[in-house]
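Examination of the molecular architecture
Chain by chain, the residues run as shown.
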Amino acid sequence: MKITHIVYSFANGGIETMLVNIANIQVKTNEVVIVVINDIIDNSLVGKLDDRIKCVFIRRKSKIDVHLLKLPFIPFLLKSDIVHFHDLSMIKFFPFKGVNCKWIFTCHNYTKIPRYSYIINKKADHILAISMIVYNTLCEKFDKKKISLCYNGINYTKFLAKTQYNNSVKNIVCVGRFVFKQKGQDMLIQAIKKIVDKGYNDIHFTFWGDGEDLKKAIRMVEELHLTANVTFEGNVDYSRINNDFRNFDLCIQPSRIEGFGLVAAEALGIGVPCILSNIGGHLEIAESGKYALIYNVNDIDSLTEAIIYVQNNYQELNDAIKVNRAAIQNRFSIDNTISILNSVYRN
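Because the structure is a prediction, the values reported are computed rather than measured.

Brief notes about the packing of aromatic side chains
Two measures describe an aromatic ring pair: the distance that separates the ring centres and the angle between the ring planes. Under the definition given, this model contains 14 aromatic pairs. Taking 5.2 Å as the distance between ring centres and 75 degrees as the angle between the ring planes, the aromatic pair formed by Phe 85 and Trp 103 counts as edge-to-face. Of the two residues, Phe 85 sits in strand β4 (residues 82-85) while Trp 103 sits in strand β5 (residues 102-107), which places them 18 residues apart along the sequence. Aromatic side chains Trp 208 and Phe 248 sit 5.4 Å apart centroid to centroid with 85 degrees between the ring planes, which places their arrangement in the edge-to-face category. A residue pair is termed long-range when its members are at least 10 positions apart, and Trp 208 in strand β9 (residues 204-208) and Phe 248 in the loop between α9 (238-244) and β11 (250-253) qualify at 40 residues. Grouped by ring-pair contacts, the aromatic residues Phe 85, Phe 94, Trp 103 and Phe 105 constitute a single cluster. Residue placement shows Lys 162 over the ring face of Tyr 165; its charged tip is 5.1 Å from the ring centre.

Below, the structure is given as structure tokens:
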């Protein structure tokens, strides 16, 4: 089977991480091509792909770019059996569909349903939702018979599991692109200020990730005099994430919007306790607080109280994650994702 995945970018992020894991398994029994539309490419991430996977880089630099002219013809030139679009809006670039070619769409964000959904409903053979909140949103717009739930699968075997736990929280990590309106790192920085002002000076916060708001975040930390408590490490190589994630006492994900929450699923699956905002994707992963401590999104005081609570009741959160780690891994395993994709591709 010839499978063509199409993504907008190929930099560190949940979609790209998932795609690397999936493509590396699919290429064992299929021909796999990854088409990247925008000129946003992380070569270290490309290096994680199996050598048998072919990459096609369109390198679009603006909305109107001559490079886009060749995009609609790529599935024909590749003689693709499956074209798997990783954003619903991509249909606008593909006016023609091959007779024997299946179009599969994955919706990663429940807030971005295109206005021209009727075209997708007509041309899509199947639509995959990465969480129940995305699934329920899609069911309002599309034919329910074409929609399936398919979590972003995680290859937990690549991670070193957390086996040692301290008596209290000393080192906290937050992972994600610096896009405040989505990932909410600005809220966490303000909560850190409150934590430090309350006398919790021995806790250190590390941010992994790059993005458009990183400079703003650094400036906030400087203005709030938090440089002794906060470290920004930028984009972190996946090998380091796999090896070092376990060394943190706690992971905080303050997202305002999250279709799934890959980082939370990774952390909980390897045994790192989490504080998560109470948005749809996080609530689903944590089963509404069974596996992680939940706070009210956009509420700095709620986040501050959650951090203090964990500091004073760390063993309670540790016990919960130790007991439920296996259940989390089984639910979000890459094997489950591959099984669903195989069924959808062949149905």
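We are not done yet, so read on.
Considerations on the packing of helix α10 (residues 262-270) against helix α13 (residues 314-331)
At their nearest, the axes of α10 and α13 sit 7 Å apart, and the two run at 125 degrees to each other. Classified by the interaxial angle, the pair formed by α10 and α13 is oblique. Contact residues: α10 offers Ala 265, Leu 268, Gly 269 and Ile 270, while α13 offers Ile 321, Arg 325, Ile 328 and Gln 329. Here the residues of the contact of α10 with α13 are counted per class, giving five nonpolar, two polar and one charged.

Some points on the pairing of strand β8 (residues 171-175)
Looking along a regular strand, one sees the side chains alternate between the two faces of the sheet. A large share of β8 lies buried, amounting to four of its five residues. One ladder, built from five bridges, connects β8 with β9; its direction is parallel. Bridge assignment links Val 175 to a residue of β9, and that residue is Trp 208.

Some points on the side chain of His 126
Within the secondary structure, His 126 sits in strand β6 (residues 126-129). When near neighbours in sequence (up to four residues on either side) are disregarded, His 126 contacts Trp 103, Ile 104, Phe 105, Lys 145, Lys 146, Ile 147, Ser 148 and Val 344.

With respect to the sheet that holds strand β3 (residues 54-60)
Across a sheet, strands are paired by hydrogen bonds formed along the backbone, either parallel or antiparallel in direction. With parallel pairing, the seven strands of this open sheet are ordered in space as β3-β2-β1-β4-β5-β6-β7. Two strands lie at the open edges of the sheet, namely β3 and β7 (147-149), each paired on one side alone. Neighbour-to-neighbour, the strand axes of the sheet open up by a mean angle of 20 degrees, direction not taken into account. Across four bridges, β5 lies against β6 in parallel orientation. Counterpart to Phe 105 in the pairing with β6 is Ile 127. The strands touched by helix α5 (residues 132-139) are β5, β6 and β7; relative to β7, the strand with the most contacts, the crossing angle is about 170 degrees.

Some remarks on the packing of helix α7 (residues 185-197) against helix α8 (residues 214-223)
Direction vectors running N to C along α7 and α8 enclose 10 degrees, while the axes themselves pass 10 Å from each other. Relative to α8, the element α7 lies roughly parallel. Contact with α7, carried on its side by Asp 186, Ile 189 and Gln 190, involves Ala 217, Met 220 and Val 221 of α8 and no other residues of that element. Classifying every residue of the contact of α7 with α8 gives four nonpolar, one polar and one charged.

Regarding the environment of Asp 186
Relative to the helices and strands, Asp 186 is located in helix α7. In this structure Asp 186 comes out as buried when scored by relative accessible area, which is 12%. For Asp 186 and Asn 38, which are 148 residues apart along the polypeptide, the C-alpha to C-alpha distance reads 27 Å. Those residues in contact with Asp 186, other than ones at most four positions away along the chain, are Phe 180, Met 220 and Arg 256. A polar atom in the side chain of Asp 186 sits 2.9 Å from the side chain of Arg 256.

Side note on the nonpolar core
Judged by nonpolar contacts, the single largest core of 111 residues is most densely connected at Leu 138 and Phe 245. With 12 residues, the next largest nonpolar core counts Ile 22, Leu 128, Cys 150 and Ile 334 among its residues.

Notes on the pattern of salt bridges
Between side chains of opposite charge, a pair can form as their charged atoms come close. Counted according to the given criterion, the structure contains 15 salt bridges. A salt bridge links Asp 186 to Arg 256; the nearest nitrogen and oxygen atoms lie 2.9 Å apart. Taken together, the residues Asp 186 in helix α7 and Arg 256 in the loop between β11 and α10 connect sequence positions 70 residues apart. For Glu 233, the salt bridge identified is with Arg 240, shortest N-O distance 2.7 Å. Given a relative accessible area of 31%, Glu 233 falls into the partly exposed group.

What counts as what
- Residues numbered from 1 in each chain as written.
- Predicted model: local features only at pLDDT ≥ 70, side-chain atom pairs only at ≥ 80, totals over all residues.
- Heavy atoms only, no water.
- Phe/Tyr/Trp six-rings, centres within 6.5 Å; stacked < 30°, edge-to-face > 60°.
- Helix = DSSP H or I, 4+ residues; strand = E, 2+ residues; numbered from the N terminus.
- Lys NZ or Arg CZ within 6 Å of the ring centre and 35° of its normal.
- Axes fitted to C-alpha atoms, helices over the stretch in contact; angles between N-to-C directions.
- Parallel < 35°, antiparallel > 145°, perpendicular 65-115°, else oblique.
- Contact = heavy atoms within 4.5 Å.
- Nonpolar A, V, L, I, M, F, W, Y, C, P; charged D, E, K, R; others polar.
- Buried < 20%, exposed > 50% of the residue type's maximum accessible area, 1.4 Å probe, protein only.
- Pairing = 2+ DSSP bridges.
- Polar contact = N/O pair within 3.5 Å; in protein donor to acceptor, adjacent residues only side chain to side chain.
- Core = buried A, V, L, I, M, F, W, Y, C linked by side-chain atoms within 4.5 Å.
- Salt bridge = Lys/Arg side-chain N within 4 Å of Asp/Glu carboxyl O.

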